[in-house]
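# Structure at a glance
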Amino acid sequence: MTPQDSPTMCELFCLSSCLPTRATFSLKAFAAHGAPGGRNVDGWGLAFHDGRDVRLYKEPEPATDSSWLGFIQGRHLPTRILISHIRHALGGGVTLANTQPFVRELGGRAHAFAHNGFLNGIQGEVGRSSARFRPVGETDSEMAFCLLLERFSRLWENGSTPALPLRLAVLAKFAEDMRALGPANFLYSDGDFIFGHGHRRTQANGTIEPPGLWCLQRECAVDPGAMASAGVNVEPGGETQRIALLASVPLSSERWCPLGEGEIVVLADGRVISSGLPSSRSQTHMAGITSTMSAVDDPMLTPPA
């Protein structure tokens, strides 16, 4: 594939915070930051976790900012977990059903998923493996989400909340299978954690290569306008606030750290609590990212050995 033929991929963004915070968006600036001079926006979506449920706002809109964003900003929706997606359609029509993030119920709570890339041949996997979860739209991204939830269903079906090591094991195998099909950057949240998987994406020179995601951790009060030029504003919070962010490309001049190819990071309470590359299922820390494992004695948070 030549640089001229390389597809413009979608833009991913997520936020995990210690205290509830608010984020506002300019879709046009956000999309242009990740694909300068590229195609129009074919859809956008925001998923705000609120307890066991999700406030989901999405539209199959072009690059001009939707009037819905003004409504959302006026609602002052604080959250500790947020996932956002800007769509540049690679497959499937420009419809609401094909607009991310996708949300489904499993285990009595809402799960959210957003994907960047293209997964060749995933239709056959859905036909063979997915029984309970079926796509509403036509995208490979939604098919991938259905497969992921199908694999998770046994962990959640008895009504108990599975420990993090069990969730990570399922997610790691799923990520490995998706990488075999194509670029598989994704964000997934079950209301407790955000799981980010970095793979490959279309870079500024047109090549498809790592990194597929970047990570930033913030401590205490910061400049709320640090990412304004990229179309994102995050409320700074007080001195006790912590915020962890994942994005397709760095959104500010701060010290963003690239995820390795196939790396999975887990965010909770505004920090990276676990990260690991596929070469070793033991969890390692990304270079440049401070990961305080103060919850290591909690069986829900202990990373797998």
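A few points on the structure.

Each value, and the rule that gives it
Residues numbered from 1 in each chain as written. Predicted model: local features only at pLDDT ≥ 70, side-chain atom pairs only at ≥ 80, totals over all residues. Heavy atoms only, no water. Helix = DSSP H or I, 4+ residues; strand = E, 2+ residues; numbered from the N terminus. Buried < 20%, exposed > 50% of the residue type's maximum accessible area, 1.4 Å probe, protein only. Contact = heavy atoms within 4.5 Å. Areas by Shrake-Rupley, 256 points an atom, 1.4 Å probe, with all protein chains shown as cover. Pairing = 2+ DSSP bridges. Axes fitted to C-alpha atoms, helices over the stretch in contact; angles between N-to-C directions. Core = buried A, V, L, I, M, F, W, Y, C linked by side-chain atoms within 4.5 Å.

This part is about the overall build of the chain. In terms of helices and strands, the chain carries five helices and 17 strands. Looking at the chain as a whole, 53% of its 305 residues are labelled buried. Restricting the contact set of the chain to residue pairs at least 6 apart, pairs at least 24 apart contribute 67%. Counting only carbon and sulfur atoms, one obtains 52% of the accessible surface of the chain, whose full area is about 12300 Å².

Turning next to the sheet that holds strand β16 (residues 263-268). Strand pairing in a sheet is mediated by backbone hydrogen bonds. Such pairs are either parallel or antiparallel. Spatial ordering of the open sheet is given by β6-β7-β8-β9-β16-β17, a layout of six strands whose pairing is antiparallel. Of all the strands in the sheet, the pair left with one neighbour each is β6 (102-106) and β17 (271-276). Here the average twist between neighbouring strands, direction ignored, is 20 degrees. With five bridges connecting them, β16 and β17 associate as antiparallel partners.

Strand order in the open sheet formed by seven strands is β4-β3-β5-β1-β14-β12-β15, with antiparallel pairing between adjacent strands. Looking at which strands have only one partner, the edges of the open sheet turn out to be β4 (53-59) and β15 (257-258). Where strand β12 (residues 214-219) and strand β14 (residues 242-247) come together, six bridges link them in antiparallel fashion. The residue of β14 that forms the bridge with C215 is L246. Against the sheet, helix α2 (residues 67-75) touches β3 (43-50) and β4, its axis set at about 20 degrees to β3.

Right, let's get into the nonpolar core. The nonpolar side chains of a soluble globular protein tend to be buried, and buried together. Counting 35 residues, the largest nonpolar core has I122, F152, M178 and Y188 as its most contacted members. The biggest single contributor to this core is helix α4 (residues 140-156), with ten residues. What M178 contacts, discounting residues up to four positions off in sequence, is L119, I122, A144, L147 and A184. Judged by nonpolar contacts, the second largest core, of 21 residues, contains L46, I72, I86 and I243.

Let us look at the pairing of β4. Sheet topology places β3 next to β4; seven bridges connect them, and they run antiparallel. Pairing of A47 across the sheet is with L56, part of β4. Counted along the chain from β3 to the antiparallel partner β4, the turn is two residues long, and its residue G51 has a positive phi close to 65 degrees.

This part is about the pairing of strand β9 (residues 194-198). A large share of β9 lies buried, amounting to five of its five residues. Side chains of β9 alternate between two faces, with I194, G196 and G198 and F195 and H197 buried alike. Where strand β8 (residues 184-189) and β9 come together, four bridges link them in antiparallel fashion. Counterpart to S189 in the pairing with β9 is I194. Here β8 folds back onto β9, and the loop between the two strands holds four residues, one of which, G191, carries a positive phi near 95 degrees. Bridge count for β9 against β16 is five bridges, and the pairing is antiparallel. Each residue of the ladder has a partner; that of G196, found in β16, is V265.

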